[in-house]
Structures are given as structure tokens and as C-alpha cells.
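Listed below are the residues making up each chain.
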Amino acid sequence: MSPTPHSYPSFRSVLAEHPLVRIAGAHSALGGVIAEQVGFQAVWASSFEISAARCLPDASLLSMSEYLDAAAHIQKALSVPVVADCDTGFGNSMNVAYMVAEYEQAGITAVCMEDKIFPKMNSFAAADHSLLDVNAFAHKIETAKKSQRSEDFFVIARTEAMISGLGVDEALKRCAVYADAGADAVLVHSKQATKDEVLSFLDQWNDRLPVVVVPTTYPDWHADEARAAGVSAVIYANQGLRATITSLRSALGSIYETGHSAHLEDSIAGVKDVFALQRLDQWQEFTA
Ligand code: SPV
Ligand code: MG
């Protein structure tokens, strides 16, 4: 049997088992496996990371197949589920129906769609963040739920109401409509420097569906506090990517400057570490 993992729980079952699911962003199987090894219960196939890995903006430039390919490569390497960031659903409701069929077929058990207009721009970029009409997005959610084959498939409805400056009331209104449309959870994104906006949402949401948050701009929010405030899943969406950028810059910069790499040997992963991540031993059993 192949050394690659052959089974993993659905995101729905992981959510049912953990009071708080902690999720790390990744753009590659390598990042996903490291996230799993350190303890994360799921991996976010982030549109921001996947685009950045190709030095492209997170602006609906890559196609659905490219995002799916990245998410599927990550999932194949893991024993925990991937939550696939599917942006706006890659177009209208017809695109959403196709997306769900393709992602489910590839073994992805959870997708997240956001209520921006296609093409979308990353939430933190200085750009227009206009929202899709609330009923049009609800229709996308309904379509996604109608299109899934397995009962287990999980659809997260993400509102960008707070990102677009419309505030907590609009986020609450929209999430209620998305819940009526059949969403399995809501994701509320904020770019404020504190958690206050998200806390205000949680206070008024009354636990109608699980809430997912992305504490990028309010990084001091401890996971335990988020859980206590009513959060069901927290996504550390891009810290892995940012750590990679910093370490690559520092390691490659110092090799170039000094003309050798001896001083780095103790602080960078050894070749054996890479072999372990590749499960080389298990693959080599085939040649024994
Ligand atoms: C992503 O990681 O692609 C996300 C989160 O969607 S954010 O970049 O904050 O929009
Ligand atoms: Mg994204």
C-alpha cells in the first residue's frame, strides 16, 4: 500500500469532535504536513498563499482547476481534512455547482465561499471590496448544498461585510440569510486591529451556526479566549507563508553574503528531516 495517507476524517466530523478546531493555512503539501505534525486539526488551502506561491496577487487570477489542484495535493498528503478556500465560487451559481462536484470528487470535505463580487481582491488589499447582492450569494450557498453528493460535505459561508466597511449589523443580517440558505457554518472576516468587531458579532449571533474566524490583524487573540467567546474554528491563514518568506530571505541572503552555508547548518532543517517529510523510508521498502 502506498505510504501516502489513505484516510482522513471529514471536516464535519473534526468539528463535531473538537470544541475549537485550529486550522493553519498552506499552499503546498509540505506546509500542510508540517501543520498537521505540530497539531493543527485541519489545513486551510488559502487563496492568498496559493497565489503568493506563484508571486501572483490573490485576485481571482488563478483558475478553479489551479486552486483545486493545490488543495488536492495538500489533501493527498494529510490525515487531517483540508478546508478549501474557494473565493467567490469562481463565478456564478453554475460555477459553484461545478466547483462542488469537482472538489468533492477530489476528496475535499469542506469548502468556503465569500460574498464578494467575482473577480475578488484579497481582503487586506487597498481595493474595492463590493459585496454581491445578499440573495444572489444565498443562491450560491443553496446551489452548493444542492450539488453535494455526500451528507458530510461542508459549506462555509464567509461574509466580507466588515471588510467592506458595512459593519457588524450587515454581517449579522447576511449570515442569517446564509444560514437560512443551508450554510453549515459562517466565517466572519475583519481587518480591524482588535477583535472587537468579531466579538460584537459573536455576542449577537446566538450560536445559530458554528463561527469561523481569521485573526490575522488581531493576532493577540488567544485560541482559548476565542473558544470562550463562541468561536468554533480559527484559521491562521498566512502566518506559515510569512514565516517562510522571512526564513528564506534570511538564509539565502546570508549564504550569498558570506559565500558559504556552514553557519546555517544548525539552524536549518537537515536533509534527513526532508527525507522524513517525504516518507522516504516507506517508499524505499518497495525496492528492498
Ligand atoms: C486566504 O488566506 O486566502 C483568505 C484569508 O481568504 S485572507 O487572506 O485574510 O483574505
Ligand atoms: Mg482567500
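Thresholds applied
Residues numbered from 1 in each chain as written. Chains lettered and ligands numbered in written order. Predicted model: local features only at pLDDT ≥ 70, side-chain atom pairs only at ≥ 80, totals over all residues. Heavy atoms only, no water. Helix = DSSP H or I, 4+ residues; strand = E, 2+ residues; numbered from the N terminus. Rg over C-alpha atoms; globule rule 2.2 N^0.38 Å. Buried < 20%, exposed > 50% of the residue type's maximum accessible area, 1.4 Å probe, protein only. Contact = heavy atoms within 4.5 Å. Lys, Arg positive; Asp, Glu negative; His and termini not counted. Charge placed at Lys NZ, Arg CZ, Asp CG, Glu CD. Patch = residues over 30% accessible without salt bridge, like charges linked within 9 Å, V, L, I, M, F, W, Y side chains within 5 Å. Areas by Shrake-Rupley, 256 points an atom, 1.4 Å probe, with all protein chains shown as cover. Salt bridge = Lys/Arg side-chain N within 4 Å of Asp/Glu carboxyl O. Expected span 1.5 Å × (residues − 1). Near = heavy atom within 4 Å. Polar contact = N/O pair within 3.5 Å; in protein donor to acceptor, adjacent residues only side chain to side chain. Nonpolar A, V, L, I, M, F, W, Y, C, P; charged D, E, K, R; others polar. Right-handed = clockwise from strand over helix to strand, strands pointing away. Pairing = 2+ DSSP bridges. Domains from an automatic or database assignment. Donors = N, O, S within 2.8 Å, 3.2 Å for Na, K, Ca; no water. Axes fitted to C-alpha atoms, helices over the stretch in contact; angles between N-to-C directions.

A. Local environment of the overall build of the protein chain. In terms of helices and strands, the protein chain carries 12 helices and 8 strands. What you see for the protein chain is a C-alpha radius of gyration of 20 Å, in line with the 19 Å of a compact globule of 288 residues. The C-alpha extent of the protein chain, read off along each of the three principal axes, is 55 × 45 × 35 Å. For the protein chain, buried positions account for 48% of its 288 residues. Contacts in the protein chain between residues at least 24 apart in sequence constitute 70% of all its contacts with a sequence separation of at least 6. A distance of 3 Å separates the average location of the 21 positive side-chain charges in the protein chain from that of its 35 negative side-chain charges.

B. Main features of a nonpolar patch on the surface. There is a patch of nonpolar side chains on the surface, built from Leu30, Ile34 and Val38 and spanning about 280 Å² of accessible area. Among the structural elements, Val38 can be located in helix H2 (residues 29-38).

C. Region of the structure containing helix H10 (residues 239-258). Its 20 residues place the ends of H10 28 Å apart at the C-alpha level, agreeing with the 28 Å of an ideal helix rising 1.5 Å per residue. Along H10, the positions that sit buried rather than exposed are Leu241, Ala251 and Ser254. Packed against the buried residues of H10 are helix H3 (47-52). The positive-phi residue at the C-terminal boundary of H10 is Gly259, with phi of around 85 degrees.

D. Spotlight on the environment of Ala229. Structurally, Ala229 can be placed in the loop between helix H9 (223-228) and strand E8 (233-236). Residue Ala229 is classed as partly exposed on the basis of its relative accessible area of 25%. With 122 residues separating them in the primary sequence, Ala229 and Gly107 have C-alpha atoms 32 Å apart. Once residues within four sequence positions are removed from consideration, Ala229 is found in contact with Leu199, Leu202 and Trp221.

E. Fine view of the site of ligand 1. By nearness alone, every residue bordering ligand 1 is listed as Trp44, Ser46, Ser47, Phe48, Asp58, Asp85, Asn122, Ser123, Phe124, Arg158, His189 and Ala237. Between an oxygen atom of ligand 1 and a side-chain N or O atom of Ser46, the distance comes to 2.7 Å. Taking Phe48, its main chain carries an N or O atom lying 2.8 Å from an oxygen atom of ligand 1. With the chains in place, 100% of the 280 Å² that ligand 1 exposes on its own is no longer accessible. Of the residues that constitute the shell around ligand 1, the class distribution is 4 nonpolar, 5 polar and 3 charged.

F. Structural view of the pairing of strand E5 (residues 154-159). In terms of burial, E5 is largely enclosed, as 6 of its 6 residues are buried. Here E5 shows a buried face lined by Phe154, Ile156 and Arg158 and a second buried face lined by Val155, Ala157 and Thr159. What joins strand E4 (residues 110-114) to E5 is helix H6 (residues 134-147), and the crossover it makes is right-handed. Here 4 bridges tie E5 to strand E6 (residues 185-188), and the two strands are oriented parallel to one another. By the bridge assignment, Arg158 is partnered in E6 with Leu187. Chirality of the crossover, the property in question, places the unit of E5, helix H7 (residues 167-180) and E6 among those that are right-handed.

G. Just the domain arrangement of the protein chain, in detail. Each assigned domain of the protein chain is listed with its residue range as follows: domain 1 (11-237) and domain 2 (248-287). Computed over C-alpha atoms, the centres of domain 1 and domain 2 are 33 Å apart.

H. Expanded view of the coordination of the magnesium ion (ligand 2). Every protein donor of the magnesium ion (ligand 2) is accounted for by Ser47 (OG) and Asp85 (OD), and the metal-donor separations fall at 2.0 to 2.2 Å. Taken together, the residues Ser47 in helix H3 and Asp85 in strand E3 (residues 82-85) connect sequence positions 38 residues apart. Each member of the pair Ser47 and Asp85 is classed as buried.

I. Quick peek at the sheet that holds E8. Ordered by their spatial adjacency, 8 strands build a closed barrel running E1-E2-E3-E4-E5-E6-E7-E8, and the pairing between neighbours is parallel. On average, each strand axis in the sheet is tilted by 25 degrees relative to the strand beside it, whichever way the strands run. Relative to E4, E3 is paired through 3 bridges, and the arrangement is parallel. Looking at E4, one finds that Val83 is bridged to Ala110. Of the strands in this sheet, E5 and E6 touch H7, which is tilted by about 155 degrees from E5.

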